[in-house]
Amino acid sequence: GAGVSQSPSNKVTEKGKDVELRCDPISGHTALYWYRQRLGQGLEFLIYFQGNSAPDKSGLPSDRFSAERTGESVSTLTIQRTQQEDSAVYLCASSSRQGTNSPLHFGNGTRLTVT
Amino acid sequence: DAKTTQPNSMESNEEEPVHLPCNHSTISGTDYIHWYRQLPSQGPEYVIHGLTSNVNNRMASLAIAEDRKSSTLILHRATLRDAAVYYCILRKGFDSGNTPLVFGKGTRLSVIA
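Residues numbered from 1 in each chain as written. Chains lettered and ligands numbered in written order. Predicted model: local features only at pLDDT ≥ 70, side-chain atom pairs only at ≥ 80, totals over all residues. Heavy atoms only, no water.

Novice: Which parts of the structure should I look at to understand the nonpolar core?
Specialist: One finds L20(B), I33(B), W35(B), L73(B), L75(B), Y86(B) and L109(B) to be the most contacted residues of the largest nonpolar core, which totals 21 residues. The element best represented in this core is strand β8 (residues 84-92) of chain B, accounting for four residues. Setting aside its immediate chain neighbours within four residues, L73(B) contacts V18(B), H19(B), L20(B), W35(B), V47(B), I48(B), A60(B), S61(B) and Y86(B). Counting 20 residues, the second-largest nonpolar core is a separate cluster that includes L46(A), L60(A), A88(A) and V114(A). (Core = buried A, V, L, I, M, F, W, Y, C linked by side-chain atoms within 4.5 Å. Buried < 20%, exposed > 50% of the residue type's maximum accessible area, 1.4 Å probe, protein only. Helix = DSSP H or I, 4+ residues; strand = E, 2+ residues; numbered from the N terminus. Contact = heavy atoms within 4.5 Å.)

Set out below in C-alpha coordinates:
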(Lines give C-alpha, C1' and ligand atoms only; values in the text may rest on other atoms or scores of the structure.)
Protein backbone atom coordinates (compact mmCIF):
# COMPACT_ATOMS: atom_id res chain seq x y z
CA GLY A 1 0.00 0.00 0.00
CA ALA A 2 0.95 3.66 -0.10
CA GLY A 3 3.57 4.83 2.34
CA VAL A 4 4.03 8.19 4.04
CA SER A 5 4.05 10.95 1.45
CA GLN A 6 5.74 14.31 1.92
CA SER A 7 5.60 17.38 -0.27
CA PRO A 8 7.36 19.17 -1.67
CA SER A 9 10.42 16.95 -1.92
CA ASN A 10 12.63 20.02 -2.23
CA LYS A 11 12.02 23.62 -1.22
CA VAL A 12 14.32 26.60 -1.67
CA THR A 13 13.27 29.79 0.08
CA GLU A 14 14.72 33.15 0.95
CA LYS A 15 15.60 34.04 4.50
CA GLY A 16 12.65 35.63 6.25
CA LYS A 17 9.94 33.90 4.21
CA ASP A 18 7.41 31.48 5.65
CA VAL A 19 7.23 27.86 4.44
CA GLU A 20 4.70 25.07 4.80
CA LEU A 21 5.65 21.41 4.58
CA ARG A 22 3.01 18.74 4.11
CA CYS A 23 2.79 15.15 5.32
CA ASP A 24 0.23 12.54 4.27
CA PRO A 25 0.46 9.63 6.71
CA ILE A 26 -0.49 6.05 6.03
CA SER A 27 -4.27 5.75 6.13
CA GLY A 28 -5.52 4.71 9.56
CA HIS A 29 -2.33 5.59 11.42
CA THR A 30 -3.21 7.41 14.60
CA ALA A 31 0.23 8.78 15.48
CA LEU A 32 2.22 11.25 13.38
CA TYR A 33 5.73 12.56 14.05
CA TRP A 34 7.94 15.31 12.64
CA TYR A 35 11.73 15.17 12.78
CA ARG A 36 14.50 17.37 11.44
CA GLN A 37 17.85 16.17 10.12
CA ARG A 38 20.60 18.66 9.42
CA LEU A 39 23.32 17.69 6.94
CA GLY A 40 25.48 14.91 8.34
CA GLN A 41 23.60 14.88 11.65
CA GLY A 42 21.15 12.60 13.40
CA LEU A 43 17.39 13.03 13.61
CA GLU A 44 15.98 15.63 16.00
CA PHE A 45 12.44 15.11 17.25
CA LEU A 46 10.17 18.13 16.71
CA ILE A 47 6.53 17.28 17.47
CA TYR A 48 4.12 14.37 17.57
CA PHE A 49 0.36 13.92 17.35
CA GLN A 50 -1.55 11.00 18.84
CA GLY A 51 -5.22 10.78 17.94
CA ASN A 52 -7.23 13.55 19.60
CA SER A 53 -4.73 14.12 22.41
CA ALA A 54 -2.85 17.39 22.75
CA PRO A 55 0.31 17.23 20.63
CA ASP A 56 3.72 16.84 22.23
CA LYS A 57 5.51 20.01 21.11
CA SER A 58 8.53 19.56 23.34
CA GLY A 59 11.00 19.31 20.44
CA LEU A 60 10.05 22.49 18.58
CA PRO A 61 13.20 24.67 18.57
CA SER A 62 11.46 28.06 18.63
CA ASP A 63 8.07 29.72 18.35
CA ARG A 64 8.70 30.17 14.63
CA PHE A 65 7.86 26.48 14.28
CA SER A 66 4.31 25.16 14.47
CA ALA A 67 2.39 22.16 13.20
CA GLU A 68 -1.20 21.18 12.73
CA ARG A 69 -2.97 17.94 12.02
CA THR A 70 -6.52 17.51 10.79
CA GLY A 71 -8.03 14.52 12.57
CA GLU A 72 -5.97 11.47 11.75
CA SER A 73 -4.93 12.67 8.33
CA VAL A 74 -2.74 15.34 6.80
CA SER A 75 -0.27 17.37 8.86
CA THR A 76 1.40 20.66 7.99
CA LEU A 77 4.64 21.92 9.53
CA THR A 78 5.01 25.70 9.26
CA ILE A 79 8.23 27.62 9.71
CA GLN A 80 7.82 31.38 9.92
CA ARG A 81 10.53 33.91 9.11
CA THR A 82 12.95 31.19 8.00
CA GLN A 83 16.62 31.42 8.96
CA GLN A 84 19.62 29.77 7.34
CA GLU A 85 19.97 27.41 10.29
CA ASP A 86 16.53 26.00 9.40
CA SER A 87 18.08 24.37 6.32
CA ALA A 88 17.64 20.63 6.80
CA VAL A 89 15.63 17.61 5.71
CA TYR A 90 12.27 17.53 7.49
CA LEU A 91 11.01 13.99 7.96
CA CYS A 92 7.51 12.86 8.80
CA ALA A 93 6.54 9.45 10.17
CA SER A 94 3.33 7.72 11.18
CA SER A 95 2.47 4.65 13.21
CA SER A 96 -0.64 2.65 13.94
CA ARG A 97 -2.63 1.84 17.08
CA GLN A 98 -1.89 2.45 20.71
CA GLY A 99 1.19 1.02 22.35
CA THR A 100 4.81 1.98 21.90
CA ASN A 101 5.99 -0.89 19.79
CA SER A 102 4.26 0.01 16.57
CA PRO A 103 7.01 0.70 14.03
CA LEU A 104 7.33 4.19 12.65
CA HIS A 105 7.00 4.49 8.89
CA PHE A 106 8.96 7.42 7.51
CA GLY A 107 8.55 9.43 4.36
CA ASN A 108 11.57 10.48 2.33
CA GLY A 109 11.46 13.99 3.68
CA THR A 110 11.39 17.55 2.41
CA ARG A 111 14.80 19.09 1.82
CA LEU A 112 14.57 22.75 2.85
CA THR A 113 17.26 25.19 1.76
CA VAL A 114 17.14 28.74 3.12
CA THR A 115 19.26 31.17 1.10
CA ASP B 1 15.64 8.36 28.50
CA ALA B 2 18.13 5.51 28.73
CA LYS B 3 20.99 5.99 26.29
CA THR B 4 22.57 3.64 23.79
CA THR B 5 26.18 3.50 22.64
CA GLN B 6 27.17 2.30 19.18
CA PRO B 7 30.42 2.37 17.20
CA ASN B 8 30.57 5.27 14.77
CA SER B 9 31.34 3.08 11.79
CA MET B 10 31.86 -0.51 10.69
CA GLU B 11 32.89 -2.19 7.50
CA SER B 12 31.89 -5.54 6.08
CA ASN B 13 32.59 -7.58 3.00
CA GLU B 14 29.69 -8.41 0.76
CA GLU B 15 27.98 -11.73 1.51
CA GLU B 16 29.62 -11.94 4.94
CA PRO B 17 27.61 -11.79 8.19
CA VAL B 18 27.62 -8.48 10.05
CA HIS B 19 27.26 -8.05 13.81
CA LEU B 20 26.33 -4.51 14.85
CA PRO B 21 26.74 -4.00 18.62
CA CYS B 22 24.78 -1.71 20.92
CA ASN B 23 25.37 -1.03 24.62
CA HIS B 24 22.52 0.11 26.82
CA SER B 25 23.71 -0.40 30.37
CA THR B 26 21.01 1.85 31.91
CA ILE B 27 18.10 0.04 30.23
CA SER B 28 14.97 -0.27 32.39
CA GLY B 29 12.65 -3.24 32.64
CA THR B 30 10.02 -1.64 30.41
CA ASP B 31 12.39 -0.57 27.61
CA TYR B 32 12.14 -2.34 24.28
CA ILE B 33 15.18 -2.40 22.00
CA HIS B 34 14.42 -1.11 18.51
CA TRP B 35 16.64 -1.00 15.41
CA TYR B 36 16.11 1.26 12.43
CA ARG B 37 18.33 1.93 9.46
CA GLN B 38 18.63 4.88 7.11
CA LEU B 39 19.78 4.36 3.56
CA PRO B 40 21.31 7.32 1.71
CA SER B 41 18.78 10.04 0.82
CA GLN B 42 15.89 8.16 2.43
CA GLY B 43 13.96 8.29 5.68
CA PRO B 44 14.74 5.68 8.33
CA GLU B 45 13.11 2.26 8.05
CA TYR B 46 12.20 -0.17 10.81
CA VAL B 47 14.38 -3.27 11.06
CA ILE B 48 13.46 -5.21 14.20
CA HIS B 49 12.67 -4.88 17.90
CA GLY B 50 12.71 -7.06 21.01
CA LEU B 51 12.41 -7.10 24.80
CA THR B 52 14.25 -10.12 26.25
CA SER B 53 14.27 -12.98 23.81
CA ASN B 54 16.20 -13.11 20.58
CA VAL B 55 14.12 -12.17 17.54
CA ASN B 56 14.30 -13.06 13.87
CA ASN B 57 12.58 -11.55 10.86
CA ARG B 58 13.16 -11.45 7.14
CA MET B 59 15.59 -8.56 7.43
CA ALA B 60 17.76 -9.45 10.40
CA SER B 61 18.16 -11.11 13.78
CA LEU B 62 18.38 -9.42 17.16
CA ALA B 63 20.43 -11.06 19.89
CA ILE B 64 19.81 -9.64 23.38
CA ALA B 65 22.20 -10.28 26.25
CA GLU B 66 20.78 -12.08 29.28
CA ASP B 67 21.22 -8.97 31.46
CA ARG B 68 19.78 -6.81 28.63
CA LYS B 69 22.64 -4.35 28.90
CA SER B 70 23.69 -4.97 25.34
CA SER B 71 22.31 -6.28 22.07
CA THR B 72 23.55 -7.16 18.61
CA LEU B 73 21.85 -6.71 15.27
CA ILE B 74 22.86 -9.49 12.91
CA LEU B 75 22.67 -9.23 9.15
CA HIS B 76 23.23 -12.77 7.97
CA ARG B 77 24.61 -11.93 4.56
CA ALA B 78 25.50 -8.32 3.87
CA THR B 79 24.69 -6.92 0.44
CA LEU B 80 25.65 -3.57 -1.05
CA ARG B 81 22.09 -2.43 -0.38
CA ASP B 82 22.65 -2.88 3.35
CA ALA B 83 25.06 0.06 3.42
CA ALA B 84 23.29 2.49 5.74
CA VAL B 85 23.33 4.12 9.17
CA TYR B 86 21.93 1.71 11.77
CA TYR B 87 20.26 3.13 14.87
CA CYS B 88 19.75 1.25 18.13
CA ILE B 89 16.96 2.91 20.16
CA LEU B 90 15.28 2.19 23.49
CA ARG B 91 11.55 2.81 23.68
CA LYS B 92 9.23 2.57 26.66
CA GLY B 93 6.82 -0.33 26.40
CA PHE B 94 3.63 0.85 28.03
CA ASP B 95 0.27 1.27 26.43
CA SER B 96 -0.39 4.89 27.26
CA GLY B 97 0.15 5.81 23.65
CA ASN B 98 2.93 5.94 21.14
CA THR B 99 6.07 7.82 22.10
CA PRO B 100 8.59 9.40 19.76
CA LEU B 101 11.83 7.60 19.03
CA VAL B 102 14.99 9.35 20.21
CA PHE B 103 17.72 8.81 17.62
CA GLY B 104 21.43 8.83 18.45
CA LYS B 105 24.25 8.99 15.91
CA GLY B 106 24.05 5.33 14.92
CA THR B 107 26.64 3.15 13.19
CA ARG B 108 27.52 3.81 9.57
CA LEU B 109 27.91 0.44 7.88
CA SER B 110 29.97 0.25 4.71
CA VAL B 111 29.78 -2.89 2.57
CA ILE B 112 32.68 -3.72 0.28
CA ALA B 113 32.12 -5.67 -2.90
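Novice: Got a minute to help me understand the pairing of strand β7 (residues 70-75) of chain B in this structure?
Specialist: In the case of a regular strand, side chains alternate between the two sheet surfaces. Residues and elements named next belong to chain B. Of the strand pairs in this sheet, strand β2 (residues 18-23) and β7 are connected by six bridges, and their pairing is antiparallel. Across the sheet, the residue bridging to P21 is T72, located in β7. Bridging between strand β6 (residues 61-64) and β7 involves four bridges; their strand directions are antiparallel. By the bridge assignment for β7, I64 is matched with S71. Between β6 and the antiparallel strand that follows it, β7, lie five residues; R68 among them carries a positive phi value of about 65°. (Pairing = 2+ DSSP bridges.)

Novice: It is not clear to me how the interface of chain B and chain A should be interpreted in this structure. Could you clarify?
Specialist: The accessible area lost on association of the parts is a frequent measure of interface size. Between chain B and chain A, the contact holds 23 residues from the first and 25 residues from the second. Carbon and sulfur atoms supply 50% of the area that chain B and chain A bury against each other, a total of about 1,800 Å² over both sides. Inspection of the chain B/chain A interface yields zero salt bridges. At the junction of chain B and chain A, the tally comes to six residue pairs in polar contact (both at pLDDT 80 or more). Among the secondary structure elements, those contributing two or more residues to the side of chain B that touches chain A are β3 (31-38), β4 (45-50) and β8 of chain B. Top contributing element to the side of chain B that touches chain A by residue count: β3(B), with four residues. (Buried area = accessible area lost by both parts, 1.4 Å probe. Salt bridge = Lys/Arg side-chain N within 4 Å of Asp/Glu carboxyl O. Polar contact = N/O pair within 3.5 Å; in protein donor to acceptor, adjacent residues only side chain to side chain.)

Novice: Help me understand the environment of K17(A) in this model?
Specialist: All names here are of chain A. Tracing the backbone through its elements, the reader meets K17 in the loop between β2 (10-13) and β3 (19-24). Since its relative accessible area comes to 46%, K17 is described here as partly exposed. Counting along the chain gives 97 residues from K17 to V114, while the straight-line C-alpha distance between them is 8.9 Å. Aside from chain neighbours lying at most four places away, what touches K17 is I79, Q80, R81 and T82.

Novice: Please explain the sheet that holds β6(B) as it appears in this structure.
Specialist: Think of a sheet as strands paired side by side through backbone hydrogen bonds, with each pair either parallel or antiparallel. Spatial strand order, β2-β7-β6-β5 (chain B): four strands in an open sheet with antiparallel pairing. The open sheet has two free edges, formed respectively by β2 and β5 (55-56) of chain B, since each of these has just one partner strand.

Novice: How should I be thinking about the state of the cysteines in this particular structure?
Specialist: Disulfide: a covalent bond formed between the sulfur atoms of two cysteine residues. Under the counting rule described, the total for this entry stands at two disulfides over all chains. Note on cysteine connectivity: C23(A) is disulfide-linked to C92(A), with sulfurs 1.8 Å apart. Since a negative S-S torsion denotes a left-handed disulfide, the C23(A)-C92(A) link at about -65° is left-handed. Of this pair, C23(A) sits in strand β3 while C92(A) sits in strand β8 (residues 88-95), and the two are 69 residues apart along the sequence. Owing to a relative accessible area of 0%, C23(A) belongs among the buried residues under this scheme. Judged by relative accessible area, C92(A) falls into the buried class, the value being 0%. One disulfide bridge connects C22(B) with C88(B), the sulfur atoms lying 2.1 Å from each other. Between C22(B) and C88(B) the disulfide shows an S-S torsion of about -85°. By sign, it is left-handed. One end of the pair, C22(B), is in strand β2; the other, C88(B), is in strand β8, with 66 residues separating them in the sequence. Accessibility expressed as a relative area gives 1% for C22(B), which makes it buried. (Disulfide = S-S within 2.5 Å.)

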